[in-house]
Amino acid sequence: MKLALHELLNVHVALRGHPIDYARSGALALARAGHSSPVRSVTEHDGRSGHAQIEWLEHDPAILGAVDEHRLTEDGAEAVALAYTHAIGRWLVKRRLRRGEYADWLLQMEGRSLALEVSGTTTNDARGRLREKMEQVAHCTLPASRMAVVVGFVQPMILAETV
Amino acid sequence: MTEAVVETLSENDLDTLVSIAIRRAEVLEDVGSASAEEAWLEVLAYEERLAAITPAADIAGGIARAGAVHAALAAGRREDAERLARKFLSDPSLTPERRAAIERAIEEDGRRLAAHFPALAKTGRLSEVQNWRREVAKAAGVFPRAA
């Protein structure tokens, strides 16, 4: 599976016009962790193991000095997660959800909906974080499928669980 | 963006704008910025319009209706939130889950206000906070202008 972060706006047209450049955030978050494009990432989805190749366009690393580290991790994780959910299920961004909905994004595909909760981590606590995020998205009461995705940047890793 | 302009926007445009506005409002709220309420007003404008153009029974319509009520509360416009909640809850096609989401938003705001103003809550005078907020919102600034 190939996840081309630089193709994100071509895939998720609803992201066009966002002041946050998610693809760049994903690229910078991976570069910050010492990776170069392309990088092989472990994937685990509902207990099934696999791998993905994440690709991105290089950006000036000087930008790293001017961005909020936590936001970069979260925005970078959203970039990877949105690329991943499209790759596995052709899901497309409909809109962002407010916190009270217990998920970050509403995605849609052929009349079906998915509430997606995303988190990123620069430490080795991806599995613990996934459990937290699963608990969180389990509170989402929207008539939609629910999924938590955690992106680890140190050892590139995408953990996903349908709730 | 004026109301007239918002009315010309498509659902897709509004989805993008509300996504950006929610993100901004939540970031401003996180850092305790005084601009957060203004940012939630922008969310309110988009959610209200989305609520007007989407059926209550649809997932998008349900999200917009609960979102509009929440945004009004977050912007400190509890009366507007209650007016919107009454309007949305009177629609029989609104799903029970969305009814609960709207009611929960109102209740949570009430609890939040009570936690901020325990003395007023204890004596049943929380409405005074709303009266004060309404007066402040009407004024051009918090302090009266000289001449």
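Our structure is the block above this text.
Given the structure is predicted, the values throughout are model-derived calculations rather than measurements.

(A) Examining the overall build of chain A more closely. Counting its regular elements, chain A contains four helices and eight strands. Ordered by position from N to C terminus, the α and β elements of chain A give β-α-α-β-β-α-β-β-β-α-β-β. The C-alpha atoms of chain A give 14 Å as radius of gyration, which agrees with the globular expectation for 163 residues (15 Å, within 12%). In terms of its C-alpha atoms, chain A occupies a principal-axis envelope of roughly 45 × 35 × 30 Å.

(B) Region of the structure containing the packing of helix α3 (residues 36-53) of chain B against helix α4 (residues 59-74) of chain B. Residue and element names in this part refer to chain B. At a minimum axis distance of 8 Å, the contact between α3 and α4 shows a crossing angle of 150 degrees. Here α3 lies roughly antiparallel to α4, going by the angle between them. The handedness of the crossing between α3 and α4 is left-handed. Taken together, the residues of α4 that come into contact with α3 (itself represented by Trp40, Val43, Leu44, Glu47, Glu48, Leu50 and Ala51) are Ala60, Gly61, Ala64, Arg65, Gly67, Ala68, Ala71, Ala72 and Ala74. Of the residues in the contact of α3 with α4, the class split is eleven nonpolar, two polar and three charged.

(C) Focus on the interface of chain B and chain A. Each side of the interface is counted separately: chain B has 17 residues, and chain A has 18 residues. For the side of chain B that touches chain A, the per-class residue count stands at eight nonpolar, five polar and four charged.

(D) Spotlight on helix α6 (residues 96-116) of chain B. Residue and element names in this part refer to chain B. Under the 1.5 Å per step criterion, the end-to-end length of α6 is 30 Å for 21 residues, consistent within 8% with the ideal 30 Å. Within the span of α6, buried status applies to Arg98, Ala101, Ile102 and Ala105. The buried residues of α6 occupy one face: seen down the axis, they fall within an arc of 95 degrees. Seen from the open side of α6, the exposed residues pointing more than 90 degrees away from its buried face are Pro96, Glu97, Ala100, Glu107, Arg111 and Ala115. Residues of α6 that are buried make contact with α4 and α5 (78-89).

(E) View of the packing of α4 of chain B against α6 of chain B. All names here are of chain B. Look at α4 against α6: their axes get within 9 Å of each other, and the N-to-C directions meet at 10 degrees. With respect to their mutual orientation, α4 and α6 come out roughly parallel. Judged by residue contacts, Gly62, Arg65, Ala66, Val69, His70 and Leu73 of α4 engage Arg98, Ala101, Ile102, Ala105, Ile106 and Asp109 from α6. For the contact of α4 with α6, the residue count by class is seven nonpolar, two polar and three charged.

(F) Expanded view of α5 of chain B. Residue and element names in this part refer to chain B. Along its twelve residues, α5 runs 16 Å from first to last C-alpha, staying within 8% of the 16 Å computed at 1.5 Å per residue. Taken together, the buried positions of α5 are Arg78, Ala81, Leu84, Ala85 and Phe88. Here the buried residues of α5 occupy an arc of 120 degrees about the axis, which is enough to place them on one side.

Conventions we followed
- Residue positions are given per chain, counted from 1 along the sequence in the order it is written.
- Think of it this way: whatever chain is written first is A, whatever ligand is written first is 1, and the rest follow in order.
- Predicted model: local features are reported for residues with pLDDT of at least 70 only, side-chain atom pairs are reported and counted for 80 or more only, and whole-chain, interface and lining totals are derived from all residues.
- Secondary structure elements follow DSSP: runs of H or I of four or more residues count as helices, runs of E of two or more count as strands, with numbering from the N terminus.
- With the radius of gyration taken over C-alpha atoms, the globule rule is written as 2.2 Å times the number of residues to the power 0.38.
- Under this scheme, a helix contributes an axis fitted over its contacting stretch, all axes are lines through C-alpha atoms, and angles between N-to-C directions fall in the 0 to 180 degree range.
- Note that the term roughly parallel is reserved for angles under 35 degrees, roughly antiparallel for angles over 145, roughly perpendicular for angles of 65 to 115, and oblique for everything else.
- Helix crossings fall into two classes, left-handed where the near helix is turned counterclockwise from the far one by less than a right angle and right-handed where it is turned clockwise.
- By the convention adopted here, residues are in contact when the distance between their C-beta atoms, placed from the backbone, does not exceed 7 Å.
- Put simply, Ala, Val, Leu, Ile, Met, Phe, Trp, Tyr, Cys and Pro go in the nonpolar bin, Asp, Glu, Lys and Arg in the charged bin, and everything else, Gly too, in the polar bin.
- For a helix, the expected span equals 1.5 Å multiplied by the residue count minus one.
- Here a residue counts as buried when 20 or more other C-beta atoms sit within 10 Å of its C-beta, as exposed when there are 12 or fewer, and as partly exposed otherwise, the C-beta atoms being derived from the backbone.
- In this context, the arc is that of the directions from the helix axis out to the C-beta atoms.

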